[in-house]
Amino acid sequence: MMLPRLLLISVLGFTWTTVTGMPCSQMFPSQSPPSNVNSVRPSDVAVLSSVGLHMHSTELSTVVSRLTELLTLFSPALISPLSDQTNPYSPQFVQHSSLVEQAKEVSSYLQHNQVVDAAKDWKILLLFVQVDQLCPCEQQQVQSVVRAVVKDVDEALQLLHSQLKRTIVSVALWDGEHDSCQKKMCPCMETNSEGEVRLLRAMLSQALQESLDELLVKRSWFSDRDDFTVILQDTPFIPDISSVSSGKPLSESQVSQQTDKLLVQMWTNLLQPTNGQHNTDDNGKIIALPCPTEDRPFLRTEGNSPSYHHHDESPLDLPFTGTEMPCEDFSPSPSIPATVHELRPGDIKVVAAVGDSLTAGNGIPTSPNNILGVLQQYRGLSWSIGGDENLTSVTTLPNILRYFNQNLTGYSLGIGKQNTPQASLNQAVTGAKSKDIPEQVRALVARMKNDSTINFESDWKVITLFIGGNDICDHCYNSLFYSVDNYLRNIRNSLDYLHKEVPRALVNLIEPLHILPLREMHTDASLKCPTWLVNILCPCVILPKTNSQALQMLEDLNRGYQHALSELVESGRYDTRSDFTVVIQPFFREIIVPRLPDGRPDRSYFSADCFHLSQKAHTLMARSLWNNMLEPLGNKTSKQDFSADIDISCPTKTSPYIRTYNNSDYSYAGPPPTPGPIQDWGSDFSCVDLAPSDSVPTSVHQLRPADIKVVAALGDSSTAGTGAKAKTVFNLNKEYKGVSWSIGGDKSLETVTTLPNILRKFNEALKGFSKGVGPRQKAFNMAVPGAKSLEIPAQAQALIKAMRENKAMNFEKDWKLVTILVGGNDLCSYCIDQNNLSPQNYSHNIMLGLDMLHKEVPRLLVNVVQLFQIDTLKSVKENTLGCSLLQRISCPCVINPAENSPELEVIKRVNYKYQAEIQQLISGNRYEGKEDFAVVLQPFLQNSFIPQIGAGEADSSFFSVDCFHISERAHAEMAIALWNNMLEPVGRKQAYNNFTYDRSKIHCPSEANPFIFTKVNSLPSPPVTITTTATSFTSPASTVIVPLCPRSLPVWVPVIVGLLCSMAGIIFAWLLLSSRSSRKNKVEKAVELKGTGF
């Protein structure tokens, strides 16, 4: 049973996952060839072909090719023309671009191929609609594009229906090739914001899915014959959500993972659905390949597995969205108030708002059948800024305020984007995140100043700021970028600008809504919500499993955002003058999901996508905001109960004002206490178990921190400590080796944080660390300022010589730790010497150094630190000679190119290739031949994030006076990050560092994991149980125990296993070929198979 399981993994190319449930223990073949399309089993399929591939469909071609291999396990004699057809440069892709033309080509092939019996053989034909090749930029274009695509698909299906017998056509949407070619085809995408493009593509896919479903229902699935039908795959094929969310390209291994997942999705959709169908589990690391079951053995058709159809959804009754005005006194102040604390509703002349799609008004009035309506921005209906009609029919904050002042201005009307005239002072942008708010408030202030109907100096203004949902939706793909600190910084910068620029203003600062209840809409299948679509729009909220750590992190971040806003306002930062204040309106702090009488969530409060909110919800939000504005601080409603019938409040004679801290008799908590000046960059140490191994270990995979006797380091100025403590440019050339992150040993850990000072807590007799300034006490710090990777072999040679000659250490028996970081200078000079500084040469030079160490040094663990993203240096700026001139001299190829220039893009690309090359070098088995030697890649710098002190400006305290070399503060942070990386398993190491000061960040070895992690001891130690997750069938062999290999295998074991696997593969291939060649005996001469090889 183990052999076919391993063979399948090899065939599918799974490089990171545990594959369960295949090969299926039972194939359930047909007793006789089926005559009805609703009774076809996988083993009955003789031909697999496809329509809809094009010359850029490389990823889709790979998925289809793997599906062919998978189906071959059920039908070994499977015929597939895909080996030619999926060649992206074959002539047919150039000549036959339309679906109809490709359908003609495939039909002709199947009818005239000598191996295929067109009348008797059962065929699967995959018809792909390539969403990524479509280019709509506005909603009107989306509708026309959808109509055109549906027309093309209809014509192609009619042709296939007329030409082919015994065929199941599976129609699927593919939206996976987001490359530069697609951007060139669709240049308008670059003019839209990231969030708008993301929403547009998601809605286009959903609209196509629904329209194709309607087409097939209208055509009765082309099932007027027993031997032909068409099915529609349940959901589009979308690439890894993280690449959509982050906008970053996937690595080679991630692409392979993605291909495997898409294959499983395609295979699952071809089979009859079963109850309890499995998805991926264990954070996506286990992929369940479903199998046919005894009661559900067929390929899915509408005849044997009727599906839900979008047109079956009943339109919602239009709710009453107006509000009765109960107030009687609408009068303004007798004279225009001079203080914001005496502001009555009738005094407000101007309303404005910034935010995301909830303020832009996406999809507010749409029904469940109108998914494209979500693209429309119904700004006139927006809860905080819309002004359509009046309060009796549309409840918004401006429509309430217009009862108090009919001359109110600034509200938005109708439909349109933020730059249209009718948007007025609604500057919210679809898909916006907190990083976009500073730009929005600048655009808002500019509009205010240029609006002739507004007296900018005299008119009282209410500005509503609501943002944060989209930050939370994407936080899991860049937790540093979407951290509470960064969110707060973006809001603070925006409010600071309003405070500085806008007189006579009250800012409603709305806390981010508690977003977790949104998950309920996507856990109940009966609601028919397009969950796959919301997985694209908000993956980090929808995808985490219940009670998972990821979900708890989401909750903590959500609460962190809310708390940070409160702290900001409570500091009193915006109450330095009487005509401006910011008030937290907390009604979104808790959300109570509205429910139907049967207890299910009420979908009528959501738009068609079950993500954006409907007019019914906007009505309640407007009432809650208004009521919050009239409630005193300290007693504001902090819960939004969508099930409650909320009435609007009125000002009273005793409380006629919009409530602020002053007229609420409320005292701010004040700013948090300012920490004292940092005296040093030392760290606290809390580890308890400091003991070495009971006896000196012989294996590097059982090495405890206290077993390390000697430290050493190779590298450039970062390791040499150049300029680390320099206060002037005159000290820049000094090498402060004693504070070097990986090898310095000045003072103690309490005042100087370095890796040796951490290790000295475990072993006071540690040797090799450098001290002081200059070369006199460099010990085994062999780093040279300005060094490139080319010099690493010479440094390694010098280190080996120095160790051999050092009488204080036992070269043969002492355990040694060497840390290597190099490459910054290679990148800084890349534009000058591209040939010698190529990624391949970079990797080769490091390999030569490692080879020397591997050959000559016993008992050695090597840390290779992954190179950082060097373009971040461009954000390090100060108006000094060092930062303006010396930085350019030190790193011309990075600093001199302009932002977004081709030259800088080349450096970024080469930077990624450097990282990839070193990853490939170390992830191989080149250094696995010795039990007392290991190389571990420590990736904490790979995606490092330097805190910012302004828009796009890095905190220069992490750098020396030339804004190039790193300061002692950065050395301390790197030391902690390196140490913590060493205590993290390979494959689960933190690949970033946020450089935030905290004395208590040092981790400790645990009782369960006392060793420094290597590739070998990172493997799971208990036996692994793999459960066959075939869809709800009972198998006598449902559990396979995979035995673990001992830590050290005899050399002959892998050789024998390799030979056996090779023989097994040859035998399996011979069986396939034999079965294939004997098929039906209808070909008199030998026909060469065109299927994919193993």
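See the structure shown above.
It should be emphasised that the depicted structure is a prediction, and the values quoted were computed from it without experimental measurement.

Participant: I would appreciate a short explanation of the overall build of the protein chain in the present structure.
Facilitator: Regarding its fold elements, the protein chain presents 29 helices and 20 strands. Residues classed as buried in the protein chain amount to 57% of the 1094 residues present. Across the protein chain, every contact between residues at least 6 apart in sequence was considered, and the portion connecting residues at least 24 apart equals 77%. Carbon and sulfur atoms make up 52% of the accessible area of the protein chain, which totals about 46,100 Å².

Participant: How should the side chain of Q938 be read in this particular structure?
Facilitator: Among the structural elements, Q938 can be located in strand β16 (residues 933-938). Among the polar contacts made by the side chain of Q938, one reaches the side chain of N863 at a distance of 2.8 Å.

Participant: Sorry if this is basic, but what is going on with the sheet that holds strand β3 (residues 122-130) here?
Facilitator: Backbone-to-backbone hydrogen bonds pair the strands of a sheet. The strands run either parallel or antiparallel. With parallel pairing, four strands are arranged side by side in an open sheet as β2-β3-β4-β5. The open sheet terminates on both sides in strands that have one partner only, identified here as β2 (45-51) and β5 (228-232). The average undirected angle you get between the axes of adjacent strands in this sheet is 20 degrees. Of the strand pairs in this sheet, β2 and β3 are connected by six bridges, and their pairing is parallel.

Participant: Just checking my understanding: could you explain the state of the cysteines for this structure?
Facilitator: Cysteine pairs can be covalently joined through their sulfur atoms, and such a bond is termed a disulfide. All chains considered together, the criterion is met by eight disulfides. A disulfide bridge connects C529 with C610, and the sulfur atoms are separated by 2.0 Å. Across the S-S bond of C529 and C610 the torsion is about -70 degrees, and the bridge reads as left-handed. You can see C529 sitting in the loop between β9 (505-510) and α16 (531-537) and its partner C610 sitting in the loop between β11 (590-592) and α19 (615-630), a full 81 residues away along the chain. What makes C529 buried here is its relative accessible area of 13%. Note on C610: relative accessible area 0%, which makes it buried. Each disulfide pairs two cysteine sulfurs, and for C828 the partner residue is C891, the sulfurs being separated by 1.9 Å. Disulfide C828-C891: torsion about the S-S bond near -85 degrees, hence left-handed. Of this pair, C828 sits in helix α23 (residues 824-828) while C891 is found in the loop between α25 (881-890) and α26 (892-895), placing the two residues 63 residues apart along the sequence. When its relative accessible area of 0% is taken as the criterion, C828 is described as buried. A relative accessible area of 0% places C891 in the buried class.

Participant: Can you help me understand the sheet that holds strand β15 (residues 860-865) in this one?
Facilitator: Strands sit in the order β13-β14-β15-β16 across an open sheet of four strands; the sheet is parallel. Here the strands that pair on one side only, and so sit at the sheet edges, are β13 (708-715) and β16. Sheet twist, expressed as the average angle between the axes of neighbouring strands with direction ignored, equals 20 degrees. Where strand β14 (residues 815-821) lies against β15, five bridges are found, and the strand directions are parallel. Across the sheet, the residue bridging to L817 is L861, located in β15. Its contacts with the sheet put helix α22 (residues 792-805) on β13 and β14, and the angle it makes with β13 is roughly 150 degrees.

Participant: So what exactly am I meant to see when it comes to the pattern of salt bridges here?
Facilitator: Tallied over the full model, the rule gives 28 salt bridges. When the shortest N-O distance is used, the salt bridge between D154 and R219 registers 2.6 Å. Here D154, found in helix α6 (residues 139-163), pairs with R219, found in the loop between α8 (194-218) and β5; they are 65 residues apart in sequence, far enough to count as distant. Close ionic contact of K449 with E501 constitutes a salt bridge, the shortest N to O distance being 3.0 Å. A residue pair is termed long-range when its members are at least 10 positions apart, and K449 in helix α13 (residues 437-450) and E501 in helix α15 (residues 484-501) qualify at 52 residues. For K449, a relative accessible area of 46% gives the class partly exposed. Overall, the relative accessible area of 22% leaves E501 in the partly exposed class. One network of salt bridges, with partners in common, ties together E555, R559 and E590.

Participant: Is there a simple way to explain the environment of R447 in this structure?
Facilitator: Within the fold, R447 resides in helix α13. Along the backbone, R447 and N419 are 28 residues apart, and their C-alpha atoms lie at a distance of 10.0 Å. Residue contacts for R447: discarding those within four places in its chain leaves Q418, N419, T420, P421, A423, S424, L425 and Q427. Within the structure, R447 has its side chain in polar contact with the backbone oxygen of N419 (distance 3.2 Å).

Participant: Would you mind showing me how to read the nonpolar core here?
Facilitator: A general trend in soluble globular proteins is that nonpolar side chains are found buried together. Counting 153 residues, the largest nonpolar core has L127 and L495 as its most contacted members. Residues within four places of L495 in sequence aside, it is in contact with L465, V507, L509, L568, Y574 and V582.

Participant: What should I look at first to understand the pairing of β16 in this one?
Facilitator: For a regular strand, side-chain orientation follows a simple rule: the groups alternate between the two sheet faces. In terms of burial, β16 is largely enclosed, as six of its six residues are buried. Both faces of β16 are covered, namely the face carrying F933, V935 and L937 and the face carrying A934, V936 and Q938. With six bridges connecting them, β15 and β16 associate as parallel partners. The residue of β16 that forms the bridge with L861 is A934.

What counts, and where the lines are drawn
- Residues numbered from 1 in each chain as written.
- Predicted model: local features only at pLDDT ≥ 70, side-chain atom pairs only at ≥ 80, totals over all residues.
- Heavy atoms only, no water.
- Helix = DSSP H or I, 4+ residues; strand = E, 2+ residues; numbered from the N terminus.
- Buried < 20%, exposed > 50% of the residue type's maximum accessible area, 1.4 Å probe, protein only.
- Contact = heavy atoms within 4.5 Å.
- Areas by Shrake-Rupley, 256 points an atom, 1.4 Å probe, with all protein chains shown as cover.
- Polar contact = N/O pair within 3.5 Å; in protein donor to acceptor, adjacent residues only side chain to side chain.
- Pairing = 2+ DSSP bridges.
- Axes fitted to C-alpha atoms, helices over the stretch in contact; angles between N-to-C directions.
- Disulfide = S-S within 2.5 Å.
- Salt bridge = Lys/Arg side-chain N within 4 Å of Asp/Glu carboxyl O.
- Core = buried A, V, L, I, M, F, W, Y, C linked by side-chain atoms within 4.5 Å.

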